[in-house]
Amino acid sequence: MNITDVRVRKVAKEGKMKAVVSITIDEEFVVHDIKVIEGEKGLFIAMPSRKATDGEYRDIAHPINSSTRDKIQTIILEKYKEAAAEEAAV
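These notes cover the structure that comes with them. In this text the structure is predicted, and so the values were computed from the model without any measurement.

## Comments concerning helix α1 (residues 66-89)
- Here α1 is 24 residues long and its end C-alpha atoms lie 34 Å apart, about the 34 Å a rise of 1.5 Å per residue gives.
- When we look at burial in α1, the residues that qualify are Ile72, Ile76, Leu77 and Tyr80.
- The inward-facing, buried residues of α1 abut β1 (3-10), β2 (17-25), β3 (29-39) and β4 (42-46).

## A word on the pairing of β2
- β2 sits mainly inside the fold: 7 of its 9 residues count as buried.
- Pairing geometry for β1 and β2, over 7 bridges, is antiparallel. Its bridge partner lying in β2, isoleucine 3 is registered against isoleucine 25.
- Connecting the antiparallel pair β1 and β2 is a turn made up of 6 residues, with glycine 15 showing a positive phi of about 140°.
- In this sheet, β3 lies alongside β2 in antiparallel orientation, the contact comprising 7 bridges. Bridging across to β3, threonine 24 finds its partner in valine 30.
- Once β2 ends, the chain turns through 3 residues before running back antiparallel as β3, passing aspartate 26 with a positive phi of about 50°.

## Quick notes on the sheet that holds β4
- Read from one edge of the open sheet, 4 strands run β1-β2-β3-β4, paired in antiparallel fashion. Looking at strand neighbours, the two that pair on one side only are β1 and β4, the edges of this open sheet. Averaged over all pairs of adjacent strands, the angle between their axes in this sheet comes to 25°, without regard to strand direction.
- The sheet contacts of α1 involve β1, β2, β3 and β4, and relative to β1 the element is tilted by about 50°.

## Comments concerning the side chain of threonine 24
- Within the secondary structure, threonine 24 is located in strand β2.
- On the accessibility criterion, threonine 24 (15% relative accessible area) is buried.
- Setting aside residues up to four positions removed in sequence, threonine 24 forms contacts with Asn2, Ile3, Thr4, Asp5, Phe29 and Val30.

Thresholds, definitions, all that
Residues numbered from 1 in each chain as written. Predicted model: local features only at pLDDT ≥ 70, side-chain atom pairs only at ≥ 80, totals over all residues. Heavy atoms only, no water. Helix = DSSP H or I, 4+ residues; strand = E, 2+ residues; numbered from the N terminus. Expected span 1.5 Å × (residues − 1). Buried < 20%, exposed > 50% of the residue type's maximum accessible area, 1.4 Å probe, protein only. Contact = heavy atoms within 4.5 Å. Pairing = 2+ DSSP bridges. Axes fitted to C-alpha atoms, helices over the stretch in contact; angles between N-to-C directions.

Structural measurements only, silent on function.
This is the structure in structure tokens:
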């Protein structure tokens with residue numbers, strides 16, 4: 001699996017959510033609405049989710065194992081930091 005494109009849309013309002021990201025996998029499959037969130041231990045990603053009838057949020061799409069999650073998170077956070085640096089330079 002190769003992530004062939006990452007699109008970062010920074011969130012202008014104050015809060016823990018810093019950006020919303022879309023990734024393309026192998027130039028064939030897109031996952032929208034991955035969130036970049038500022039937590040107590042730093043930045044992390046939250047996969048797209050929706051609220052179930054019991055009030056809990058459930059991921060719509062997510063990696064099956066932690067190594068894949070780490071790979072996706074590393075790439076997304078690198079692109080987020082690049083976008084933040086470009087914005088600060090302007």
